[in-house]
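Geometric and topological summary
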Amino acid sequence: MKTLKDAKVGETVTVVKLHGEGALKRRIMDMGVTKGTEIYVRKVAPLGDPLETTVRGYELSIRRADAELIEVK
């Protein structure tokens, strides 16, 4: 299983499934990250957290802990 956390800079991935439950899963979905969405990994902060991505045409920073809950291909 590959997660968004494992994606490399410059890579475009597609969301397969969201893990997690309740409010956390809802918050990720409210940010526009849903099944089938393409995510482009723009860059990673110097200490590795957070990831800066482009989702649905806007820039979104995602913590590594949250990125681990997003399964991609």
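Per chain, residue numbering runs from 1 following the sequence as it is written. In keeping with the model being predicted, local features are shown solely for residues with a pLDDT of at least 70 and side-chain atom pairs are shown and tallied solely at 80 or more, while totals for entire chains, interfaces and linings include all residues. Side-chain measures here rest on the full set of heavy atoms in the structure, leaving out hydrogens and waters.

Strands here are runs of E lasting at least two residues and helices are runs of H or I lasting at least four, both read from the DSSP assignment and numbered beginning at the N terminus. From N to C terminus, the chain includes two helices and six strands. The N-to-C order of helical and strand elements in the chain reads β-β-α-β-β-β-α-β. The C-alpha atoms of the chain give a radius of gyration of 11 Å, which matches the 11 Å a tight globule of 73 residues would have. Here the C-alpha coordinates of the chain stretch approximately 30 × 25 × 20 Å along the principal axes. Only protein chains enter the accessibility calculation, which uses a 1.4 Å probe. A residue is then buried if its area is under 20% of the maximum for its type, exposed if over 50%, and partly exposed in between. Across the 73 residues that make up the chain, the buried fraction comes to 37%. The size measure is the radius of gyration over C-alpha atoms, and the globule rule it meets is 2.2 Å times the number of residues to the 0.38 power.

Paired strands are those between which DSSP finds at least two bridges. Taken in spatial order, the six strands line up as β1-β6-β2-β3-β4-β5 in an open sheet, and their pairing is antiparallel. Looking at the sheet topology across the chains shown, the edges are occupied by β1 (2-3) and β5 (58-62). As paired strands, strand β4 (residues 51-55) and β5 are joined by five bridges and run antiparallel to one another. Across the sheet, Val-55 pairs through a bridge with Tyr-58, a residue of β5.

This part is about the side chain of Glu-52. One can find Glu-52 in strand β4. Only heavy atoms enter the contact rule, under which two residues are in contact if any of them lie within 4.5 Å. Beyond its immediate chain neighbours, meaning those up to four positions away, Glu-52 contacts Tyr-40, Val-41, Arg-42, Lys-43, Glu-59, Leu-60 and Ser-61.

Before going further, it helps to examine the side chain of Thr-3. Its location among the elements puts Thr-3 in strand β1. Of the residues examined, Thr-3 reaches a relative accessible area of 6% and is grouped as buried.

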